[in-house]
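Fold and contact review
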Amino acid sequence: MCEKDTFMREAIDLSLDNIDHGGGPFGAVIVKDGKIIARGANRVTASNDPTAHAEVNAIREAARVLGTFDLRGCEIYTSCEPCPMCLGAIYWAHLDKVYYGNTKADAKAIGFDDSFIYDELALPLEKRHLKIVSLMRDQAIKAFEKWDNKSDKIEY
């Protein structure tokens, strides 16, 4: 078995084990320099946290282990193609590569359907089901102006 298969096997094993421990059928590992540095499993229902997806949990753990929010040089192996939220987190974390097992179509077939999110994102704000309303921009922009002028900010 090649190294990539070993890492994917770990993500798959996490997804299987998690079902027996109150979580959903998703697991992920993050690898740096050929070693697993973080593991995550889906804990949405177990923790009543809708953001506790396997990939997000693995990213949080990797950031803690490495002491940085920038995970360049790392790869993620996940038992399923990432949902829109997890994909966004993967981009924000700057992971180098994603390996996945099950597809989003496989997930949809068992009730984990994210297509409505992809469909919504393609619509203009005024046509989305979730009403999104801009409010107090004149006041809110002050934080952005302050940030933009900050000389010692840490870019991310």
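Residues numbered from 1 in each chain as written. Predicted model: local features only at pLDDT ≥ 70, side-chain atom pairs only at ≥ 80, totals over all residues. Heavy atoms only, no water.

In regular strands, side chains alternate between the two faces of the sheet. With six bridges joining them, strand E1 (residues 27-32) and strand E2 (residues 35-41) adopt antiparallel strand pairing. Bridging across to E2, valine 29 finds its partner in arginine 39. Between E1 and the antiparallel strand that follows it, E2, lie two residues; aspartate 33 among them carries a positive phi value of about 50 degrees. (Pairing = 2+ DSSP bridges. Helix = DSSP H or I, 4+ residues; strand = E, 2+ residues; numbered from the N terminus.)

Okay, the pairing of E1 next. A large share of E1 lies buried, amounting to five of its six residues. Inspection of the sheet shows E1 paired to strand E3 (residues 74-80) by five bridges, in the antiparallel sense. Pairing of valine 29 across the sheet is with tyrosine 77, part of E3. (Buried < 20%, exposed > 50% of the residue type's maximum accessible area, 1.4 Å probe, protein only.)

A separate point is the packing of aromatic side chains. Under the counting rule described, the total for this entry stands at five aromatic pairs. For the ring pair tyrosine 77 and tyrosine 99, a centre distance of 4.5 Å and an interplane angle of 15 degrees mean the geometry is stacked. Here the residue tyrosine 77 occupies a position in strand E3, and tyrosine 99 occupies one in strand E4 (residues 97-102), the gap between them amounting to 22 residues. Of the residues examined, tyrosine 77 reaches a relative accessible area of 2% and is grouped as buried. Given the relative accessible area of 16%, tyrosine 99 is considered buried. Clustering of aromatic rings is evident, with ring pairs tying together Phe7, Tyr77 and Tyr99. Above the plane of the ring of tyrosine 118 lies lysine 104, whose end atom (NZ or CZ) is 4.5 Å from the centre. (Phe/Tyr/Trp six-rings, centres within 6.5 Å; stacked < 30°, edge-to-face > 60°. Lys NZ or Arg CZ within 6 Å of the ring centre and 35° of its normal.)

With 17 residues, the main nonpolar core has Ile30, Ile59, Leu71 and Leu95 as its most contacted residues. For this core, the secondary structure elements donating two or more residues are E1, E2, helix H3 (54-66), E3 and helix H4 (84-93). The biggest single contributor to this core is H3, with four residues. The contacts of leucine 71, once residues within four sequence positions are left out, are Ile30, Ile59, Ala62, Ala63, Leu66, Ala93, His94 and Leu95. Grouped together as the second largest cluster of nonpolar side chains are eight residues, Ala11, Leu14, Val29 and Tyr99 included. (Core = buried A, V, L, I, M, F, W, Y, C linked by side-chain atoms within 4.5 Å. Contact = heavy atoms within 4.5 Å.)

Here the structure, examined in full by the defined rule, presents five salt bridges. Note that glutamate 61 is salt-bridged to arginine 64, the shortest N-O span being 2.7 Å. Here glutamate 61 and its partner arginine 64 are both found in helix H3, three residues apart, which amounts to about one turn of the helix. In this structure glutamate 61 comes out as partly exposed when scored by relative accessible area, which is 28%. Looking at arginine 64, the relative accessible area reads 58%, which means it is exposed. A salt bridge links lysine 150 to aspartate 152; the shortest N-O distance between them is 2.8 Å. A relative accessible area of 37% places lysine 150 in the partly exposed class. (Salt bridge = Lys/Arg side-chain N within 4 Å of Asp/Glu carboxyl O.)

Our focus in this paragraph is unusual backbone geometry. Residue asparagine 48 is not a glycine yet carries a positive backbone phi of 55 degrees. Within the secondary structure, asparagine 48 is located in the loop between helix H2 (44-47) and H3. Assessed through its relative accessible area of 72%, asparagine 48 is described here as exposed.

Read these as geometric descriptors, not functional statements.
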